[in-house]
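Residue-level structural notes
Listed below, chain by chain, are the residues.
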Amino acid sequence: MIEKTSSRINQWIEYLIFGLGFTMTIVVAVQVFFRYVLNHSLFWSEELARFLLVWLTFLGASSAYYRKVNPGVDFLYAKLTPLLKKISSISTHLASMSLFIVMIIYGYQFAWFVRLQISPALQIPKWIILSIIPISGVILMIHAVSFLFAELKEDSHDH
């Protein structure tokens, strides 16, 4: 059940990443056209592109984590026995989950702290932009729980 939820969430996240990336590309291309061809700058485009990049970064990190394409060095892990690999993997998931809890709690607190601030160009509340920190923390936590359950279900000689 949790694996299916994690997979479905990642599928939607990847669609969202594509949409945000495409939007950011269009905004930057239009800004370049306006600035260098029409000699007129769009005052809001840089801020929008920056906010889109922030969301892309956090959502992209959750997708990379789900697909297990985050960078790592596994030369030591590869030499471990199957039991030590399982213990190492479970420990890694638990450590990741503790980081995700920090993202959720402190990300929420920070978004709440800036809730009354408005972005200068777009005039939107900054909590909307910063809400991606706890949102991505929740998404990452769902993936981590899914990975942990899968790891616990596996037989130790499956590694």
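Presented here is a report on the structure given in the accompanying data block. Sequence order as written defines residue numbering, which begins from 1 separately in each chain. Selection of residues for local features in this predicted model requires a pLDDT of at least 70, selection of side-chain atom pairs for listing and counting requires 80 or more, and totals for whole chains, interfaces and linings are taken over all residues. The basis for the side-chain values is all heavy atoms of the structure; hydrogens and waters are excluded.

**Digging into the layout of surface pockets**
- Considering only enclosed or pocket space, the largest pocket measures out at about 650 Å³ in volume.
- A 1.4 Å probe that fits but cannot get out identifies a cavity on a 1 Å grid over protein atoms alone, an open set with protein on both sides within 12 Å along at least five of seven lines counts as a pocket, and a residue lines either if it has an atom within 4 Å of a point. Lining the largest pocket we find 18 residues, and of these Lys68, Asn70, Ser89, Thr92 and His93 sit closest to its centre.
- Runs of E in the DSSP output that reach at least two residues are strands. Runs of H or I that reach at least four are helices, and both are numbered from the N terminus. Only helix 3 (82-113) and helix 5 (132-153) provide two or more residues apiece to the lining of the largest pocket.
- Examining the composition of the lining of the largest pocket, we find that five residues originate from one element, helix 3, more than from any other.
- Lys, Arg, Asp and Glu make up the charged group, whereas Ala, Val, Leu, Ile, Met, Phe, Trp, Tyr, Cys and Pro make up the nonpolar group; the residues left over, Gly among them, are polar. Its residues placed into classes, the lining of the largest pocket shows six nonpolar, eight polar and four charged. Grid points are joined across faces, edges and corners, and a volume is the space filled by probe spheres set on the points.

**Describing a nonpolar patch on the surface**
- Taken together, the side chains of Val28, Val32, Phe33, Tyr36, Val37 and Leu38 present a nonpolar region at the surface, about 600 Å² in accessible area.
- Structurally, the position occupied by valine 32 is in helix 1 (residues 2-36).
- With a 1.4 Å probe rolled over the protein chains alone, any residue whose accessible area is under 20% of its type maximum counts as buried; one over 50% counts as exposed, and the rest are partly exposed. Take valine 32: its relative accessible area is 44%, and that puts it in the partly exposed class. The residues that make up patches have over 30% relative accessible area and no salt bridge, and they are joined within 9 Å when like-charged or within 5 Å when they are Val, Leu, Ile, Met, Phe, Trp or Tyr. In this description, accessible areas are obtained by the Shrake-Rupley approach with a 1.4 Å probe, and a residue is regarded as covered only by the protein chains that are shown. Definition used for salt bridges: Asp or Glu carboxyl oxygen within 4 Å of a side-chain nitrogen of Lys or Arg.

**A closer look at the packing of helix 3 against helix 5**
- Each axis is a line fitted through C-alpha atoms, and for a helix only the stretch in contact is used; angles between axes span 0 to 180 degrees, taken between their N-to-C directions. At a minimum axis separation of 8 Å, helix 3 and helix 5 run at an interaxial angle of 160°. Taken together, the axes of helix 3 and helix 5 are roughly antiparallel relative to one another. Like other packed secondary-structure pairs, helix 3 and helix 5 cross with a definite hand, here left-handed.
- For the contact of helix 3 with helix 5, the per-class residue count stands at 18 nonpolar, five polar and two charged. Throughout this description, any angle smaller than 35 degrees is read as roughly parallel, any larger than 145 degrees as roughly antiparallel, any in the 65 to 115 degree range as roughly perpendicular, and the remainder as oblique. Left-handed is the label given to a crossing in which the near helix is rotated counterclockwise from the far helix by less than a right angle, and right-handed is the label when the rotation is clockwise.

**Here we look at helix 1**
- By definition here, a helix of n residues has an expected span of 1.5 Å times n minus one. Helix length check: helix 1, at 35 residues, gives a terminal C-alpha distance of 50 Å against a target of 51 Å (1.5 Å per residue), a fit within 8%.
- Along helix 1, the residues that are buried comprise Ser6, Asn10, Ile13, Leu20, Val27 and Gln31.
- Two residues qualify as a contact provided that any one of their heavy atoms is within 4.5 Å of a heavy atom in the partner residue. On its buried face, helix 1 is in contact with helix 2 (45-67) and helix 5.

**Remarks on the packing of helix 2 against helix 5**
- At a closest axis distance of 9 Å, the pairing of helix 2 and helix 5 adopts a crossing angle of 5°. With respect to each other, helix 2 and helix 5 are oriented roughly parallel. In this structure, helix 2 contributes Val54, Trp55, Phe58, Leu59, Ala61, Ser62, Tyr65 and Tyr66 to the contact, and helix 5 contributes Ile132, Ile133, Ile135, Ser136, Ile139, Leu140, His143, Ala144 and Phe147.
- Class assignment of the residues belonging to the contact of helix 2 with helix 5 gives a composition of 14 nonpolar, three polar and no charged.

These values are about where atoms sit, not about what they do.
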